Amino acid sequence: MHVRSYASQNNGGSVSPKVTPQNLPLAGIRVLEVGQVIAGPFCGQLLGHYGAEVIKVEPPEVGDPLRVWRERDLDGVSPWWRSIARNKKSVTIDMRKEEGRRLVKQLAIKSDVMIENFKPGTLEKWNLGPTDIHPLNPSLIFTRVSGYGQTGPWSSRPGYASVCEAESGFRYINGTPDPDTGALLGPPIRPNLSLGDSVAGLHAAFGTVLALLARKSREVQGQPGGQTVDVSIFESMINLMEGIIPEYDRKDKIRGPSGSSLTGIVPTNAYPCKPAPEAPTVPAYIVIGANSDSIYSRLMTAIERTDLIGPAYAQNHHRVERQAEIEDAISAWTRERTAEEVEEVLRAVSVPAGRVLNVKDIVESEHAQARGLVEDVPVPKPDGGWSVKMSRAVPMLEGCDTKTRWAGPELGEHNREVLIGELGLSEEEFGRLQQEGVVGK
């Protein structure tokens, strides 16, 4: 465990303190992140939230591609970058150069965890794989995120979340069902985010923490504490797929898409409502989940359809057989009311119901504000800078201050702190490496 606390000095020479509260569970753990874009960096983000010191290695000049993805701020940097790279230290090293790889190896030797999401075999070609580093740091947790895992016939494929979501079966169950076959009618529906990357990053963070816990017991037994955490997007998505494999095995059922409902659970759906008066041309929907027996009875009473209560509707499997009848009754009732009116009626009788919110609704939500879910994080600039709203870390741990400590850093902001302060490079060597393009300026 590498416990440290010091100020960071950016390339412009100004000093900004980077303090990690020692009550965070991962305080004192150093993480070297050499991945880019989403899957590996999201893992690093989660570990950093809970106190790990995360040193992110980026290519000089351009940095992580995500710095300029989607919307860009006044300085040309993506606000998304400020979120996914929060609490991290940016070091720019060209890993394509031998001296750059030497620097990364030195950092790995002084770290507790190394996160990477290159194509399997890449770090081995650079002599930076586990067999190269574990002899020098036997306690290192080597967290590897890829499309399909480090072994197997698909391991050498480039792995993108969109493709892995398709091959995991996730995309097959998302879309409009063909009324005759139950299979997809048209293309599958993609959630408008890279779900597979984030899910893999979450699994990677979980696996890393498990490996850190296991390290203690392994070392007590005289074994090397380090190990490899092998995470794939493909398998992480399959891990979300509930009972589809056992259902296929035991009942020969291939679950297909179900539109806005959920196969085998009734009623739970998105129901049409009257448009809100302030937006009369915008379609409105409300999601109702009344799939437990007692909640179902309360729902039917609230919408004055007690004729749909009784032995024929008593349990979920009864309601599945009468899904169309039940869904039509609910839709007929919601269509005559705005979503707000539906919410008011159903919440009064404890039936789970909620409007379909957009990001503006969420940021302005009284509940999100009461929970402190959205933070304002400063982005310091010579002219004063600005702040960026981002979601805070969850879960909330009692007695731990998990608020964001600083926004995603400037490119190479921590070069001097890490390479001179930690690795012990001289000013002369540091300057030479900058001139030769090994280290960013």
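Residues numbered from 1 in each chain as written. Predicted model: local features only at pLDDT ≥ 70, side-chain atom pairs only at ≥ 80, totals over all residues. Heavy atoms only, no water.

### As for the nonpolar core
Rule in force here: Nonpolar core, defined: a set of buried Ala, Val, Leu, Ile, Met, Phe, Trp, Tyr and Cys residues in which side-chain atoms within 4.5 Å join the residues together. Partly exposed describes any residue whose relative accessible area lies between the buried limit of under 20% and the exposed limit of over 50%, with all areas from a 1.4 Å probe on protein chains only and scaled to the type maximum. Here a helix means four or more residues in a row that DSSP labels H or I, a strand means two or more in a row labelled E, and each is numbered from the N terminus.
Of all hydrophobic cores here, the largest spans 40 residues; its most connected members are Leu26, Ile29, Val31, Leu47, Ala52 and Val113. For this core, the elements supplying multiple residues, two or more each, are helix 1 (39–49), helix 2 (79–84), strand 6 (113–116), strand 7 (141–146), helix 6 (161–167), helix 7 (195–220), strand 8 (227–232) and helix 8 (233–238). Of the residues forming this core, the biggest block, 6 residues, is contributed by helix 7. Counting residues in each nonpolar core, the second largest holds 27 residues, with Leu103, Ala108, Leu123 and Val439 among its members.

### Section: the side chain of Ser168
Stated precisely, the cut-off is as follows: Polar contacts here mean pairs of N or O atoms no more than 3.5 Å apart (in protein, one a potential hydrogen donor and the other a potential acceptor; neighbouring residues in sequence count only if both atoms are side-chain atoms). Residue contacts are defined here by distance: any two heavy atoms, one from each residue, within 4.5 Å place the two residues in contact.
Here Ser168 shows up in the loop between helix 6 and helix 7. Residue Ser168 is classed as buried on the basis of its relative accessible area, which comes to 7%. In this structure the side chain of Ser168 is engaged in a polar contact, spanning 2.9 Å, whose partner is the backbone oxygen of Glu165. Within polar-contact distance, the side chain of Ser168 engages the backbone nitrogen of Phe170 at 3.2 Å. Excluding its chain neighbours within four sequence positions, the residues that come into contact with Ser168 are Phe234, Met237, Ile238 and Met241.

### Some thoughts on the pairing of strand 10 (residues 284–289)
Defined as follows: At least two bridges found by DSSP between two strands are what make those strands a pair.
Direction of pairing for strand 9 (residues 268–273) relative to strand 10: antiparallel, over a ladder of 6 bridges. Residue pairing across strands places Cys273 opposite Ala284, the latter belonging to strand 10. Relative to strand 11 (residues 353–355), strand 10 is paired through 3 bridges, and the arrangement is antiparallel. Bridge pairing in strand 11 places Ile286 opposite Arg355.

### Examining the state of the cysteines
Rules: When the sulfur atoms of two cysteines come within 2.5 Å, that pair is taken as a disulfide.
Under the counting rule described, the total for this entry stands at 0 disulfides. Free cysteine Cys164: the closest other cysteine sulfur is in Cys43, separated by 17 Å.

### A short note on the confidence of the model for the protein
Let me state the cut-off plainly: Across the chain, each position has a pLDDT score giving the predictor's confidence in that residue, from 0 to 100.
Per-chain confidence: the protein averages 94 in pLDDT, with 96% of residues scoring 70 or above. Here residues 1–17 is modelled with pLDDT under 50, and outside its nearest four sequence neighbours on either side it reaches 48 contacts, counting other chains as well.

### Thoughts on the sheet that holds strand 7
Basically, it comes down to this: Think of each axis as a best-fit line through the C-alpha atoms, taken over the contacting stretch in the case of a helix, with angles from 0 to 180 degrees between the N-to-C directions.
Reading across the sheet, the 6 strands line up as 5-4-3-6-7-8 and stay open at both edges, with parallel pairing between neighbours. Taken across any chain shown, the strands that pair with only one partner, and hence form the sheet edges, are strand 5 (88–92) and strand 8. Averaged over all pairs of adjacent strands, the angle between strand axes in this sheet comes to 20 degrees, irrespective of strand direction. Where strand 3 (residues 30–33) lies against strand 6, 3 bridges are found, and the strand directions are parallel. Of the residues in strand 6, the one forming a bridge with Val31 is Val113. Its contacts with the sheet put helix 3 (residues 98–109) on strand 3, strand 4 (53–58) and strand 6, and the angle it makes with strand 3 is roughly 155 degrees.

### A look at the pattern of salt bridges
Stated precisely, the cut-off is as follows: The salt bridge definition used is simple: a Lys or Arg side-chain nitrogen within 4 Å of an Asp or Glu carboxyl oxygen.
All told, the structure shown has 36 salt bridges when counted by the stated rule. Across the pair Arg255 and Glu242 runs a salt bridge, and its minimum N-O distance is 3.6 Å. Of this pair, Arg255 sits in the loop between helix 9 (244–251) and strand 9 while Glu242 sits in the loop between helix 8 and helix 9, placing them 13 residues apart in sequence. Of the residues examined, Arg255 reaches a relative accessible area of 19% and is grouped as buried. The class of Glu242 is exposed, set by a relative accessible area of 66%. Across the pair Glu364 and Lys360 runs a salt bridge whose closest N-O atoms are separated by 3.1 Å. Note that Glu364 and Lys360 are positioned in helix 14 (residues 359–364) at a spacing of 4 residues, about one turn of the helix. Accessibility expressed as a relative area gives 46% for Glu364, which makes it partly exposed. Through salt bridges with shared partners, a single network forms among Arg30, Glu53, Lys89, Glu417 and Glu422.

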